[in-house]
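# Structural characterization, general
Okay, here's what each chain looks like letter by letter:
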Amino acid sequence: MPPELKQKLTFEQYLLTPYDGRRTEFVNGEIIEVAPPTGRHLDIVSDLGDLLKAYLRAHQPDWLVRSGAEIKIPNQNNSRNPDLLICTKAQWQIVRAQTKAEFLSDNPPLLTIEIVSPNSVEKDTQELIAEYAEAKVLEYWIVNPMTETVSVYALDGEVYSLMGEFAGEQTVHSQLLEHWSATAAEMLG
């Protein structure tokens, strides 16, 4: 079928679509394939996930770090899959009970993290800032290996405000993770 005749899916139809093992996101009513990550991208996801798990064990034992779960963007036919997210254990129990690991509009995660790849710069640094704010995610971190920076955005009403852009040995500050003490260099591996 030509692309212009391809039928768009509703979000409900998307939720019923079986998982086929591909890395995808649901955007504007279509399931789109996402390019595979680089080795450095995977290293950052793994190492940062470990840092976050250690932090949560010490400071927020009722919170979890997860990857692979999706977030429904309200008022859009979009569902995004951040590299990492933080949620409460209670939120995760709601997600676990569903057909797909999906944070719905009434249950947004607390924090999302994207590691920028060369093919996702615009999406990670522009599109997702608006979409995660619309989903009411309290904080959004952009970890950018190309610029060697970590940007932290905090929800301020309906939009995000940039709390800071951190590089090198600067400690990354977060409103949500009050005792976070990792530097940008540590987060970038």
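Let me begin by describing the structure that accompanies this report. Keep in mind it's a predicted model, so treat the numbers as computed, not measured.

It is worth spelling out the nonpolar core at this point. Across soluble globular proteins, you tend to see nonpolar side chains buried next to one another. With 27 residues, the main nonpolar core has L52 and W180 as its most contacted residues. Per element, the largest residue contribution to this core is 6 residues, and it comes from helix α2 (residues 39–59). With sequence-adjacent residues up to four places away left out, W180 is seen in contact with L48, L51, L52, Y55, W141, T171, V172 and M187. Ranked by size, the runner-up nonpolar core spans 20 residues in total, among them I71, V95, V116 and L128.

What follows deals with helix α4 (residues 121–134). If you check α4, its first and last C-alpha atoms are 20 Å apart, about what 14 residues at 1.5 Å a residue would give, namely 20 Å. Maximum bend of α4: about 50 degrees, positioned at L128. Three or more residues of α4 are buried, namely K123, D124, L128, I129, E131, Y132 and A133. Just past α4, the residue K136 takes up positive phi, approximately 70 degrees.

The next thing to look at is the layout of surface pockets. With a probe scaled to a water molecule rolled over the atoms, the places where space remains empty come into view. Within this model, the largest pocket holds a volume of roughly 860 Å³. Lining the largest pocket are 39 residues, with R23, T24, E25, V34 and N81 sitting closest to its centre. Counting residues per element, the ones that place at least two in the lining of the largest pocket are α1 (11–16), β1 (24–27), β2 (30–33), α2, β8 (111–115) and α4. Counted by class, the lining of the largest pocket contains 16 nonpolar, 12 polar and 11 charged residues.

Below, the discussion takes up the side chain of E114. Mapped onto the fold, E114 is located in strand β8. In terms of polar contacts, E114 uses its side chain to reach the side chain of Y132, at 2.7 Å. The residues touching E114, leaving out its near neighbours within four places in the chain, are N81, P82, D83, D124, L128, Y132, Y140, W141, I142 and V143.

As a general point, the strands of a sheet are linked pairwise by backbone hydrogen bonds and lie either parallel or antiparallel. Spatially, β3-β6-β8-β9-β10-β11 is the arrangement adopted by the 6 strands of the open sheet, whose pairing is mixed. Strands with a single pairing partner mark the edges of an open sheet, and in this sheet they are β3 (63–66) and β11 (159–167). The sheet shows a mean angle of 15 degrees between the axes of neighbouring strands, taken without regard to direction. Bridge count between strand β10 (residues 149–156) and β11: 8 bridges; the pairing is antiparallel. Within β11, the position partnered with S151 by the bridge is E165.

How each quantity is defined
- Residues numbered from 1 in each chain as written.
- Predicted model: local features only at pLDDT ≥ 70, side-chain atom pairs only at ≥ 80, totals over all residues.
- Heavy atoms only, no water.
- Core = buried A, V, L, I, M, F, W, Y, C linked by side-chain atoms within 4.5 Å.
- Buried < 20%, exposed > 50% of the residue type's maximum accessible area, 1.4 Å probe, protein only.
- Helix = DSSP H or I, 4+ residues; strand = E, 2+ residues; numbered from the N terminus.
- Contact = heavy atoms within 4.5 Å.
- Expected span 1.5 Å × (residues − 1).
- Bend = angle between axes of the 7 residues up to and from the residue.
- 1 Å grid on protein atoms, 1.4 Å probe; cavity = no way out; pocket = protein on both sides within 12 Å on 5 of 7 lines; lining within 4 Å.
- Points joined across faces, edges and corners; volume = space filled by probe spheres on them.
- Nonpolar A, V, L, I, M, F, W, Y, C, P; charged D, E, K, R; others polar.
- Polar contact = N/O pair within 3.5 Å; in protein donor to acceptor, adjacent residues only side chain to side chain.
- Pairing = 2+ DSSP bridges.
- Axes fitted to C-alpha atoms, helices over the stretch in contact; angles between N-to-C directions.

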